[in-house]
Amino acid sequence: MKTILITGGAGFIGSHVVRLFVNKYPDYNIINLDKLTYAGNLANLKDVESASNYEFVKGDIVDGDFIQKLFEEKQFDGIIHLAAESHVDRSISNPMEFIHTNIVGTVNLLNAARHIWGDQMEGKRFYHISTDEVYGSLGEEGFFTETTAYDPHSPYSASKASSDHLVRAYHDTFGLPTVISNCSNNYGGYQFPEKLIPLFIHNIRNNKPLPVYGKGENVRDWLYVEDHANAIDLIYHKGVIGETYNIGGNNEWKNIDLIKVLCEKMDVKLGREKGTSEKLITYVKDRAGHDLRYAIDSSKIQKELGWEPSLQFEEGIEITINWYVENQDWLDNVTSGDYLKYYEKQYIDR
Ligand code: NAD
Ligand code: DAU
């Protein structure tokens, strides 16, 4: 029985990865380590919490002693590292959290893996989940490939870039069996409503303004979260040690066009007259250092590992909208308390 550590498993993508692994691999012991920050929510994993091959451990990856002891106790065979501070806007108002968790936290995990594995690295794997934002911003043309030079612009992307470099350094220097993937924007259920899609669905439903940064001309490449989880499964099992894989949806949208689609679909869903929700669109001050365009060339993972997205955007966005409309309790639960303070600081004082 292999023991796999998944960090950040109570977050958005992590919860989809935990669910996939717990259900698909009954012969793996899945340990989900999560600090349960504002973004971590055990309600995301209600359906697997009593599975016999699943265990939740509450803890902070920044606490090096705790991490070392946990690794000694559990003797992990593999690590899938998703825990991070993940929201660009929060990294602009509070960069230090990102430095601690994304950089120091990652190095603590690398050190602990080295410590327990020693020279016995056969069959072991440290998989670091990263973002396309490390590559910076594209103009109207071109795509990020695995060899695009790093050029991060926000404290979030700079902290992720830094952690990627450290993971590679531990491979090159100490022979740690690492693999990295850099993915584009994910969407789907269980995403905290600070990110564009769940925030705007929530606001449309509640007749609140839709705060579009700048002119809404920035472009993102959207991938359905379960397709990312499937890619993670494939890379964890078949990815080549020391390699990097880009993952993307080949699905670019200008923010304003995507927002209009959300408005149209929500009008239908809520039985509102066509055009009602679009009236909520409000242009606000742009995000500082706002990257213009991200677009991923995912031909390497497609050719070498046979991955491809399973859902077209039309289908994925329909499933996603339905999920948030049908899970109003989940949204109500995460948009109370501290969320209101965050919202006020981020949008009302803007
Ligand atoms: P998220 O913010 O929804 O979840 C992050 C999780 O990490 C939360 O459960 C949180 O409690 C936990 N966490 C935070 N700090 C921690 C700490 N110090 N110790 C232990 N746990 C801690 O993030 P997400 O959107 O699911 O992203 C997961 C990973 O995927 C991140 O590494 C992110 O950089 C990367 N990524 C995200 C996207 C995206 O579109 N969301 C795209 C590409 C890559
Ligand atoms: O590309 C991968 C990255 O995608 C991940 O690494 C990050 O963790 C994830 O948060 C996401 O980053 P973005 O900054 O692209 O996502 P966000 O949902 O915050 O914003 C998407 C776009 O929408 C971006 O151009 C900013 C814009 N936006 C966002 C918010 C929250 C708005 O116009 N208004 C908003 O209120």
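Structure first, text after, so check above.
The structure reproduced in this document is the subject of the present report. The written sequence of each chain sets the order in which its residues are numbered from 1. The order in which chains are written sets their letters, starting at A; the order in which ligands are written sets their numbers, starting at 1. Where totals are concerned, whole chains, interfaces and linings use all residues; where local detail is concerned, this predicted model gives features only for residues with pLDDT of at least 70, and gives and counts side-chain atom pairs only at 80 or more. Values shown for side chains rest on all heavy atoms present in the structure; no hydrogens or waters enter the calculation.

So, about the overall build of the protein. Helix and strand labels come from DSSP, where a helix needs a run of H or I of at least four residues and a strand needs a run of E of at least two; each type is numbered from the N terminus. The secondary structure content of the protein amounts to 12 helices and 12 strands. Computed over its C-alpha atoms, the radius of gyration of the protein comes to 20 Å, within 12% of the 20 Å expected for a compact globule of 350 residues. Reported as C-alpha extents along the three principal axes, the dimensions of the protein are approximately 65 × 45 × 40 Å. Burial statistics for the protein: of 350 residues in total, 56% are counted as buried. Note on method: radius of gyration uses C-alpha positions; expected globular size equals 2.2 Å times residues raised to 0.38. Burial classes follow relative accessibility: with a 1.4 Å probe on protein chains only, a residue under 20% of its type's maximum area counts as buried, one over 50% as exposed, and anything between as partly exposed.

To continue, consider the site of ligand 1. Consider each residue's heavy atoms; a residue with any of them within 4 Å of a molecule or strand counts as near. The environment of ligand 1 is made up of 29 residues, and the closest members are I13, D34, S86, Y156 and K160. A distance of 3.0 Å separates an oxygen atom of ligand 1 from a polar atom in the backbone of G11. The definition of a polar contact used here is a pair of N or O atoms within 3.5 Å, where within protein one atom must be able to donate a hydrogen and the other to accept one, and adjacent residues in sequence count solely through side-chain atom pairs. Within the side chain of D60, one N or O atom sits 2.8 Å away from a nitrogen atom of ligand 1. Relative to its unbound accessible area of 830 Å², ligand 1 is 97% covered by the protein chains. If you list the elements that add at least two residues to the shell around ligand 1, you get α1 (12-24), β5 (125-131), α5 (155-174) and β7 (185-187). If you tally residues by element for the shell around ligand 1, the top one is β5, at three residues. When residue character is reported, Ala, Val, Leu, Ile, Met, Phe, Trp, Tyr, Cys and Pro are called nonpolar, Asp, Glu, Lys and Arg charged, and the others, Gly included, polar. Here the residues of the shell around ligand 1 sort into 13 nonpolar, 12 polar and four charged. In this description, accessible areas are obtained by the Shrake-Rupley approach with a 1.4 Å probe, and a residue is regarded as covered only by the protein chains that are shown.

As a matter of local geometry, ligand 2 sits amid 25 residues, with D132, Y156, R287, H290 and Y347 nearest to it. Take E133: an N or O atom from its side chain is 2.7 Å from an oxygen atom of ligand 2. P211 is positioned such that a nitrogen or oxygen atom in its backbone is 2.8 Å from a nitrogen atom of ligand 2. Taken by itself ligand 2 offers 690 Å² of open surface, and the protein chains cover 94% of this. Those elements giving two or more residues to the shell around ligand 2 turn out to be α6 (196-205) and β8 (210-213). Here the residues of the shell around ligand 2 sort into 11 nonpolar, eight polar and six charged.

Turning our eyes to something else, we now look at the environment of Y342. Along the polypeptide, Y342 turns up in helix α12 (residues 338-348). With 310 residues separating them in the primary sequence, Y342 and N32 have C-alpha atoms 27 Å apart. A contact between two residues is defined here by any heavy atoms of the two lying within 4.5 Å. Not counting residues within four places of it along the chain, the set of residues in contact with Y342 comprises H87, D89, R90 and E194. In terms of polar contacts, Y342 uses its side chain to reach the side chain of H87, at 3.2 Å.

Below, the discussion takes up α6. Of all 10 residues in α6, eight are buried; the element is thus mostly enclosed. Listing the buried residues of α6 in full gives I197, P198, L199, F200, I201, H202, N203 and I204. N207, located one to two residues past α6, shows a positive phi value of around 55 degrees.

By the convention used here, strands pair only if DSSP detects at least 2 bridges between them. Read from one edge to the other, the open sheet built from three strands follows the order β7-β9-β11, with strand pairing classed as mixed. In this open sheet, the two strands that pair with only one neighbour each are β7 and β11 (252-254). Sheet twist, expressed as the mean angle between neighbouring strand axes with direction ignored, is 45 degrees. Here strand β9 (residues 219-224) runs beside β11; their pairing, made up of three bridges, is antiparallel. Each residue of the ladder has a partner; that of R220, found in β11, is W253. Under this scheme, a helix contributes an axis fitted over its contacting stretch, all axes are lines through C-alpha atoms, and angles between N-to-C directions fall in the 0 to 180 degree range.

With respect to the helices and strands, the residue Y245 is situated in strand β10 (residues 244-247). Along the backbone, Y245 and I180 are 65 residues apart, and their C-alpha atoms lie at a distance of 6.5 Å. Beyond its immediate stretch of four places on either side in the chain, Y245 contacts E146, V179, I180, S181, N182, I235, G239, V240, K300, I301, E304 and L305.

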